[in-house]
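Topology and contacts: notes
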Amino acid sequence: MTAGRFRQLGGVAVATTALIGCRAMGPMGPTGPSLVVPTYAYASGTASQGFAHPRGEVEAALRAAMDDLGILRVGLIQADAEQTTVKGRTGDGRRVELALVERGPATEARVRVGLFGDEALAKAVLDRVGVRLGTLPPEAIPSSVPSDPEGNPYFSREAVPDSVMLRGFTEGTDFGGTLP
């Protein structure tokens, strides 16, 4: 596209670029996506949701939500002016990574459970944060943690291990890899 043609369509290109993305955080405002309306998204094993609260309040609510769901806090890994990252473990030993990203007056919370993600548990954490902040109606703490660790059939803990699956794979071959 020529520079003159690009300048002609500049307003349209900017408008369409603002609407295109992997996930939507909410209505577009003059400074980007709006987190005033809490929006939930799940992509590539990570759940995210915006909260119209400062990062300190969301961090306190996140700690309480982790306690509610039995996620043990391993520690604060990183905190700087824009983001806080916390690591944790579920009751069955899976890793949990939680990040809080400052978005102006609002905060985006991101949760990833396990290597490939567990949407049910990640959403439950974000819902508990909403309850603790007062943006969702109060609800009882679940007696069993909503989780689906077997939700990924390709990497299930019940899958046949490699030691069994590949047993005998090299039997009957010479050192060079040819059959006798």
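About the cut-offs
Residues numbered from 1 in each chain as written. Predicted model: local features only at pLDDT ≥ 70, side-chain atom pairs only at ≥ 80, totals over all residues. Heavy atoms only, no water. Buried < 20%, exposed > 50% of the residue type's maximum accessible area, 1.4 Å probe, protein only. Helix = DSSP H or I, 4+ residues; strand = E, 2+ residues; numbered from the N terminus. Pairing = 2+ DSSP bridges. Salt bridge = Lys/Arg side-chain N within 4 Å of Asp/Glu carboxyl O. Expected span 1.5 Å × (residues − 1). Axes fitted to C-alpha atoms, helices over the stretch in contact; angles between N-to-C directions. Contact = heavy atoms within 4.5 Å.

1. Points about the pairing of strand 8 (residues 106-113)
The element strand 8 is largely enclosed, with a buried count of six among its eight residues. In this sheet, strand 8 lies alongside strand 4 (residues 46-51) in antiparallel orientation, the contact comprising six bridges. Residue pairing in the sheet places Phe51 in a bridge with Thr107 of strand 8. With eight bridges joining them, strand 7 (residues 95-103) and strand 8 adopt antiparallel strand pairing.

2. Some words on the pattern of salt bridges
Considering all chains together, one arrives at ten salt bridges under this definition. Note that Arg94 is salt-bridged to Asp118, the shortest N-O span being 2.9 Å. Taken together, the positions of Arg94 in the loop between strand 6 (83-89) and strand 7 and Asp118 in the loop between strand 8 and helix 4 (119-133) put the pair 24 residues apart, joining distant regions of the chain. On the accessibility criterion, Asp118 (2% relative accessible area) is buried. Taking the shortest distance from any N to any O, the salt bridge between Glu108 and Arg103 comes out at 2.7 Å. On the basis of relative accessibility, which here comes to 39%, the residue Arg103 falls in the partly exposed class. A cluster of three or more residues bridged by salt bridges with shared partners is formed by Asp68, Arg128 and Arg132.

3. A few points about helix 3 (residues 55-68)
Taking 1.5 Å per residue, 14 residues should reach 20 Å; helix 3 reaches 20 Å between its end C-alpha atoms and fits that length. Residues of helix 3 that are buried: Arg55, Val58, Glu59, Ala61, Leu62, Ala64, Ala65, Met66 and Asp68. Of the residues trailing helix 3, Gly70 is marked for its positive phi of about 70 degrees.

4. Here's the deal with the sheet that holds strand 5 (residues 72-79)
In space, the six strands of this open sheet follow the order 3-4-8-7-6-5, with antiparallel pairing throughout. The strands lining the two open edges of the sheet, one partner per strand, are strand 3 (40-43) and strand 5. For this sheet, the mean angle separating the axes of adjacent strands, direction not counted, is 20 degrees. Of the strand pairs in this sheet, strand 6 and strand 7 are connected by seven bridges, and their pairing is antiparallel. Counted as the bridge partner of Thr85 is Ala99 from strand 7. In this fold helix 3 packs onto strand 4, strand 5, strand 6, strand 7 and strand 8, with an angle of close to 160 degrees to the strand it touches most, strand 7. Sitting on the sheet, helix 4 is in contact with strand 3, strand 4, strand 7 and strand 8, with an inclination near 15 degrees to strand 4.

Bear in mind that shape data such as this cannot, by itself, settle questions of function.
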